[in-house]
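Remarks on the overall topology
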Amino acid sequence: MDIQLSIHGRQDLAGQLYRQLRAAIVEGRLAGGARLPSTRDLAEQLGVSRKTTLEVFERLQGEGFLLSRTGLGTFVADGLQRAPAASPDFGFVSSASFGPAPNAFWAGIPDMLSMPARQIRPKFDFLGGVTDKKRFPFDIWRRCINHALRMQARDRGDYKDPGGDQSLRLAIARYVSFNRAVNCNWTDVIVTQGAQQALDLLARVLLSPGDAVAVEEPGYPPAHTAFAAAGARILSVPVDSQGIDTSQLPGNAKLTYVTPSHQFPLGIPMTIERRVALLEWAGRHQSVIVEDDYDGEFRFTGRPLESLASLDQKGLVAYVGTFSKTLFPELRIGYVIAPPSLRGALLKAKQTVDWHSCTLTQMALARFMLEGHFARHLRRVHKAYAERRDTLIAHLSGPLSPGSMFYRLRPASI
Ligand SMILES: Cc1ncc(COP(=O)(O)O)c(C=O)c1O
């Protein structure tokens, strides 16, 4: 047998031997028909017990990799070698340029996490979408997770409601009714994997290939990708100091995506005049408005603005929220509160994509909210972010302003 087998340490000897023999067969280093040494000889050769080699041979026989011929020995089964890779340069490791080709659409989509801004960890990080996790009460969260775990252990193992955990939907409904003036009850809330999945589900149920979608310019590219992936044509509408320019909205837009509380990326809120104009326009053109209220909680100057959905009398607005900015993005919990006519389809889309979001984090978050920890955390981070903002503004108009001596002397070290 021309195959190198080696055993490292004394842990999982059978597992080590099994994996090496199996890999040698699949990779063709042990050809079909090759005769293996006896279990006794192999055990001696490797310094393991005969029980170990027997156990491995039996497992490989059971899986069809080896055949035992009485009186003759143990042989490698035929036809198990994996087809060689298309390019000898790449061996068995699959490469991006060989193998089945994905739909051409995905070639144009940037890989967000490998973007240069995400690779660098500067001392002063102004990267958007990052929350201060040091302020998150992980001890309380641990208790909520433990409680959810106990509940989960008692529950029967089964799929759950695609709309989400009932207590979380209730907590979200209370929160958005009170804080964002969105008129809803718990059955109106569908829990999603972040705002991104809410946008993807809306795209799935609303759009057909070729449909037009109006988006803000500048805007939020991941939302555009979700719409484009459903085959939509993305039509950019300029944003000015009042928000999206409603006079330039295309009459054929099936869906209009906006960030009225805090325009992404410019940060301005949409004025009340524009909100009214947008709703009036959407009613006339039968366009569904997707309101992405991704960080509406954080308003640092002036009166808090209510959501666009709170002005909607005709059921035109699908309201999308997320915990990515108030808690942290890795949680992957968001929600959509859509007009009743879309709800059934959204639930079926959610069920089709992933059945439902992880129940453990949903139950933990429900407890975190219903016990008042979320509201307390929000007050704390709001205050801390406001202080940071004040400091930044003071520096941008002081020592860091283009006219200041400090700016001229040390621009590279900032
Ligand atoms: C405009 C906008 N919407 C939504 C999100 C958050 O999405 P998710 O809830 O999927 O993390 C972000 C995050 O930066 C955003 O900027």
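Look up a bit, the structure's there.
I will try to describe carefully the structure that is included in this document.

How each quantity is defined
- Along each chain, the written sequence defines residue order, and numbers are assigned to residues from 1.
- Restriction of local features to residues with pLDDT of at least 70 applies here, the model being predicted, together with a cutoff of 80 or more for giving and counting side-chain atom pairs; totals for whole chains, interfaces and linings are based on all residues.
- Excluded from the side-chain calculations are hydrogens and water; all other atoms, namely the structure's heavy atoms, are used.
- Two distance rules govern patches: like charges are joined within 9 Å, and nonpolar side chains (Val, Leu, Ile, Met, Phe, Trp, Tyr) within 5 Å, applied only to residues with over 30% relative accessible area and no salt bridge.
- Calculation of accessible area relied on Shrake-Rupley with a 1.4 Å probe; when residues are assessed, cover is drawn exclusively from the protein chains displayed.
- Salt bridges are defined as contacts in which a side-chain nitrogen from Lys or Arg sits within 4 Å of a carboxyl oxygen from Asp or Glu.
- Comment: elements are numbered from the N terminus, with helices defined as DSSP H or I runs of at least four residues and strands as E runs of at least two.
- In a helix, the anticipated span is given by 1.5 Å times the number of residues less one.
- When checking whether two residues touch, look at their non-hydrogen atoms; a contact exists if any pair is within 4.5 Å.
- Throughout, near means a residue has at least one heavy atom within 4 Å of the molecule or strand.
- Counted as a polar contact is a pair of N or O atoms within 3.5 Å, where, for protein atoms, one must be capable of donating a hydrogen and the other of accepting one, and residues adjacent in sequence contribute only when both atoms are in side chains.
- Throughout, exposure labels follow a simple rule: accessible area from a 1.4 Å probe, protein chains only, divided by the maximum for the residue type, with under 20% read as buried, over 50% as exposed, and the rest as partly exposed.
- Our arc is simply the arc of the directions from the helix axis toward the C-beta atoms.
- If DSSP finds at least two bridges between two strands, the strands pair.
- Between N-to-C directions, angles cover 0 to 180 degrees, with each direction set by a line fitted to C-alpha atoms, over the stretch in contact for helices.
- Whether a crossing is left-handed or right-handed is set by the direction in which the near helix is turned from the far one by less than a right angle, anticlockwise for left-handed and clockwise for right-handed.
- Think of it as three bins: nonpolar holds Ala, Val, Leu, Ile, Met, Phe, Trp, Tyr, Cys and Pro, charged holds Asp, Glu, Lys and Arg, and polar takes everything else, Gly as well.
- For classification, angles of less than 35 degrees are called roughly parallel, those exceeding 145 degrees roughly antiparallel, those between 65 and 115 degrees roughly perpendicular, and all remaining angles oblique.

A cluster of nonpolar side chains, namely F124, F126, L392 and L396, defines an oily patch on the protein surface of about 440 Å² accessible area. Examined against the element boundaries, L392 turns out to sit in helix α12 (residues 373-396).

Over its 24 residues, α12 runs 34 Å from end to end, which matches the ideal 34 Å to within 8%, given 1.5 Å per residue. Its buried side turned inward, α12 meets α5 (138-154), α6 (166-179) and α11 (359-370).

Moving on, we come to the site of the ligand. For the ligand, the full set of nearby residues is G194, A195, Q196, Y220, Y257, F264, D292, Y294, T322, S324, K325 and R332. For the ligand, an oxygen atom lies 2.9 Å from a polar atom in the backbone of Q196. Between the ligand and the protein, one listed contact pairs an oxygen atom with a side-chain N or O atom of R332 at 2.8 Å. Its free accessible area being 400 Å², the ligand has 91% of it covered by the protein chains. Top contributing element to the shell around the ligand by residue count: helix α7 (residues 194-206), with 3 residues.

Moving on, we come to helix α2 (residues 39-46). Restricting attention to buried positions, one finds in α2 the residues T39, L42, A43 and L46. For α2, the angular spread of the buried residues around the axis is 100°, confining them to a single face. Facing away from the buried side of α2 by over 90 degrees, the exposed positions are R40, E44 and Q45. Next to the buried residues of α2 lie α1 (13-26) and α3 (50-62). The first or second residue beyond α2 is G47, which carries a positive phi of 70°.

A regular strand places its side chains so that they alternate between the two faces of the sheet. Extensive coverage of strand β10 (residues 317-322) is indicated by the burial of 6 of its 6 residues. Every second residue of β10 is oriented toward a common face, with V317, Y319 and G321 on one face and A318, V320 and T322 on the other, all of them buried. As paired elements, strand β9 (residues 288-292) and β10 share 4 bridges and run parallel to each other. Its bridge partner being in β10, E291 is matched across the sheet by Y319. Relative to strand β11 (residues 334-337), β10 is paired through 4 bridges, and the arrangement is antiparallel. When the sheet's bridge partners are listed, G321 is paired in β11 with Y335.

Remark: α7 packs on helix α10 (residues 340-354), axes separated minimally by 9 Å, with the N-to-C direction vectors making an angle of 115°. With respect to the hand of their crossing, α7 and α10 are arranged in right-handed fashion. Of the residues in α10, those touching α7 at Q197, L201, L202, R204, V205 and L206 are L342, A345, L346, A349, K350, V353 and D354. Across the contact of α7 with α10, the residue classes break down as 9 nonpolar, 1 polar and 3 charged.

Another aspect to go through is the sheet that holds strand β5 (residues 212-217). Neighbouring strands of a sheet are bound in pairs by backbone hydrogen bonds; such pairs are parallel or else antiparallel. In space, the 8 strands of this open sheet follow the order β4-β11-β10-β9-β8-β5-β6-β7, with mixed pairing throughout. Strand pairing shows two members of the sheet lacking a second neighbour, β4 (189-192) and β7 (243-244), which therefore form its edges. With 4 bridges connecting them, β4 and β11 associate as antiparallel partners. Paired with V191 across the two strands is Y335, which belongs to β11. Strands in contact with α6 are β4, β10 and β11; relative to β4, the strand with the most contacts, it is inclined by about 110°.

One way to put it is that α1 packs onto α3 with a least axis distance of 9 Å and a crossing angle of 45°. Classed by the angle they form, the pair α1 and α3 counts as oblique. Crossing of α1 over α3 shows right-handed handedness. Contact residues: L13, A14, L17, Y18, L21 and R22 in α1; T52, T53, E55, V56, F57, R59 and L60 in α3. In terms of residue class, the contact of α1 with α3 is built from 8 nonpolar, 2 polar and 3 charged.

This part is about the sheet that holds strand β3 (residues 73-76). Taken in spatial order, the 3 strands line up as β1-β3-β2 in an open sheet, and their pairing is antiparallel. Whereas interior strands pair on both sides, the edge strands pair on one side only; in this sheet they are β1 (35-36) and β2 (66-69). Strand direction decides the pairing type here: β1 and β3, joined by 2 bridges, are antiparallel. Along β3, the bridge assignment pairs L36 with T74. Packed on one face of the sheet, α3 meets β1, β2 and β3 and runs near 105° to β2.

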